[in-house]
Amino acid sequence: MTTASQQTASERPQTPEASEHDVAVLRDALGLLKDREQVAERLLASSAKHSFDPDTELDWDAPAEDGKWYWPPELLSLYDTPMWHRMSQDQRLELSRHEAASLASLGIWFEIILMQLLVRHIYDKPVTSAHVRYALTEIADECRHSKMFARMIDKGGAPTYPVSRLHHNLARVLKTVSTTPGSFACTLLGEEILDYMQRLTFPDERVQTIVRGVTRIHVVEEARHVRYAREELRRQMVSCPRWEAQLTRASSGEAARIFSIAFVNPQVYTNVGLDRREAVRQVKESGHRREVMQAGAKRLTDFLDEIGVMRGVGRRLWRSSGLLA
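These lines cover the structure that appears in this document, whether it is placed above or below. Everything quoted here is computed from the prediction, not taken from an experiment.

Some thoughts on the overall build of the protein chain
Scanning the protein chain from N- to C-terminus turns up 15 helices and 2 strands. Relative to the compact-globule value of 20 Å for 325 residues, the protein chain shows a C-alpha radius of gyration of 20 Å, a close match. For the protein chain, the spread of C-alpha atoms along the three principal axes comes to 65 × 45 × 30 Å. By the burial criterion, 54% of the 325 residues in the protein chain qualify as buried. Contacts spanning at least 24 positions in sequence make up 80% of the contacts within the protein chain whose residues lie at least 6 apart. Per element, the accessible surface of the protein chain, about 15,000 Å² overall, is 54% carbon and sulfur. Looking at the protein chain, you have 44 positive and 44 negative side-chain charges, and the mean spots of the two groups are 5 Å apart.

Side note on the packing of aromatic side chains
On inspection of all chains with the given rule, the structure shows 6 aromatic pairs. On the basis of an interplanar angle of 20° and a centroid distance of 6.2 Å, the ring pair of W69 and W84 is categorised as stacked. Of this pair, W69 sits in the loop between α4 (54-57) and α5 (82-86) while W84 sits in helix α5, placing them 15 residues apart in sequence. This pair shows no difference in class: W69 is buried, exactly as W84 is.

Looking at the layout of surface pockets
In this structure, the largest pocket occupies an estimated 700 Å³ of space. Every residue lining the largest pocket is counted, 28 residues in all, and those nearest its centre are S260, I261, A262, V283 and K284. Looking at the lining of the largest pocket, the elements that each hand over two or more residues are α6 (89-122), α11 (242-262), α13 (276-285), α14 (287-306) and α15 (312-321). Counting residues per element, the lining of the largest pocket draws most heavily on α11, at 4 residues. Considering only residue class, the lining of the largest pocket consists of 14 nonpolar, 10 polar and 4 charged.

A few points about the pattern of salt bridges
A full pass over the atoms with the stated rule returns 21 salt bridges. Taken together, the salt bridges that share partners define one network made up of D141, R144, E221 and R224.

A word on empty space enclosed by the protein
Inspection of the entire model under this criterion finds 6 cavities of 30 Å³ or more. Along the wall of the largest cavity there are 17 residues; nearest its centre are F110, A171, L174, C186 and A255. Tallied by class, the residues present in the lining of the largest cavity amount to 11 nonpolar, 5 polar and 1 charged.

Comments concerning the packing of helix α7 (residues 130-156) against helix α10 (residues 209-239)
It is at 11 Å that the axes of α7 and α10 come closest, and there the two elements cross at 150°. With respect to α10, the axis of α7 lies roughly antiparallel. Judged by the sense of rotation from one axis to the other, the crossing of α7 with α10 is left-handed. Of the residues in α10, those touching α7 at H131, Y134, A135, E138, D141, E142, R144, H145, M148, F149 and M152 are V211, V214, I217, H218, E221, E222, R224, H225, Y228 and E232. Among the residues forming the contact of α7 with α10, the class breakdown is 9 nonpolar, 4 polar and 8 charged.

Focus on the environment of L118
In this structure, L118 sits in helix α6. Along the primary structure L118 and S183 are separated by 65 residues, whereas in three dimensions their C-alpha atoms are 8.2 Å apart.

A short note on the nonpolar core
Of all hydrophobic cores here, the largest spans 88 residues; its most connected members are L78 and F263. The element contributing the most residues to this core is α6, with 15 residues. Not counting the four nearest positions on each side in its chain, F263 is found in contact with S102, L103, L106, I193, L194, M197, R289 and M293.

Concerning the side chain of R224
With respect to the helices, strands and loops of the structure, R224 is situated in helix α10. Setting aside its immediate chain neighbours within four residues, R224 contacts L43, S46, S47, H50, S51, Y134 and D141.

Some words on unusual backbone geometry
Despite not being glycine, D80 has its phi angle at roughly 65°, a positive value. When you line up the elements, D80 lands in the loop between α4 and α5.

Quick look at the side chain of T187
Its place among the elements puts T187 in helix α9 (residues 180-201). With relative accessibility at 4%, the residue T187 sits in the buried group.

Re α10
Its 31 residues give α10 an end-to-end C-alpha distance of 45 Å, which sits within 8% of 45 Å, the value for a rise of 1.5 Å per residue. The largest bend in α10 comes to about 30°, at E222. Among the 31 residues of α10, 25 are classified as buried, and the element is accordingly described as predominantly covered.

Each value, and the rule that gives it
- Residues numbered from 1 in each chain as written.
- Predicted model: local features only at pLDDT ≥ 70, side-chain atom pairs only at ≥ 80, totals over all residues.
- Heavy atoms only, no water.
- Helix = DSSP H or I, 4+ residues; strand = E, 2+ residues; numbered from the N terminus.
- Rg over C-alpha atoms; globule rule 2.2 N^0.38 Å.
- Buried < 20%, exposed > 50% of the residue type's maximum accessible area, 1.4 Å probe, protein only.
- Contact = heavy atoms within 4.5 Å.
- Areas by Shrake-Rupley, 256 points an atom, 1.4 Å probe, with all protein chains shown as cover.
- Lys, Arg positive; Asp, Glu negative; His and termini not counted.
- Charge placed at Lys NZ, Arg CZ, Asp CG, Glu CD.
- Phe/Tyr/Trp six-rings, centres within 6.5 Å; stacked < 30°, edge-to-face > 60°.
- 1 Å grid on protein atoms, 1.4 Å probe; cavity = no way out; pocket = protein on both sides within 12 Å on 5 of 7 lines; lining within 4 Å.
- Points joined across faces, edges and corners; volume = space filled by probe spheres on them.
- Nonpolar A, V, L, I, M, F, W, Y, C, P; charged D, E, K, R; others polar.
- Salt bridge = Lys/Arg side-chain N within 4 Å of Asp/Glu carboxyl O.
- Axes fitted to C-alpha atoms, helices over the stretch in contact; angles between N-to-C directions.
- Parallel < 35°, antiparallel > 145°, perpendicular 65-115°, else oblique.
- Left-handed = near helix turned anticlockwise from the far one by under 90°.
- Core = buried A, V, L, I, M, F, W, Y, C linked by side-chain atoms within 4.5 Å.
- Expected span 1.5 Å × (residues − 1).
- Bend = angle between axes of the 7 residues up to and from the residue.

Shown next as structure tokens:
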């Protein structure tokens, strides 16, 4: 069992070469953890080489392309349902436009939460450390991503789709009471499922060029964010007290439940001219949709299982979310 003194040591700023004692402490089911400062230095170097300004990188003045999707059809919530088979091609394309706006709206909501969690994480950390400098770099990335998503919504001409007032306020509570490991677990939840879908979107020539450009930028920069969050969550789960690990399991499971419900705003179906209640029912019953969501979450759920997050009530909540196979 990790002692209180060991926990304090693991949280102190580390030199580029971790001591033998630190290496012994910073080990989990995946093996030895890399030194926190070395990870941050590599991520900072990558950021210097592969960061983008969406305002200048993308052609926002180009017209929309006729007959192209705003999101790959196989990733749309109603794909291969009875309702989908009755829809015209124009209506399916319109659904893709609105679902892309809904996902972008969700992304902005989530990234605003993430930025607050990162600021809280570094509040007590040494401001000259590479770990803090990378966190600030990631916050800058997320600011650009949020503006980029907002511009994509505006460009597509669909409305914004905020989450429900209930989920908005539940997230307010979660981000307020969340401890550091819980914050990074929730960060990965929001990043990895969307990342899975975007990796399928940006090379897809059936999709609008502007959407492909947005998803390409997001995938490249989010890869660094995922690495940072994974390394820090592993570190936290090794060093945190038992109560905090248990809270992390419960809060990440509850976040997964909320996230799965909020993933597509049901108002999308009304705005496309569909029966909203029937559409929601068919999405819930869709085997294809369940497979897509679970495939998007699998890399994350496997990782969380390995490091001890997917236990007890946390596993039950993840299973109820439908994201855990």
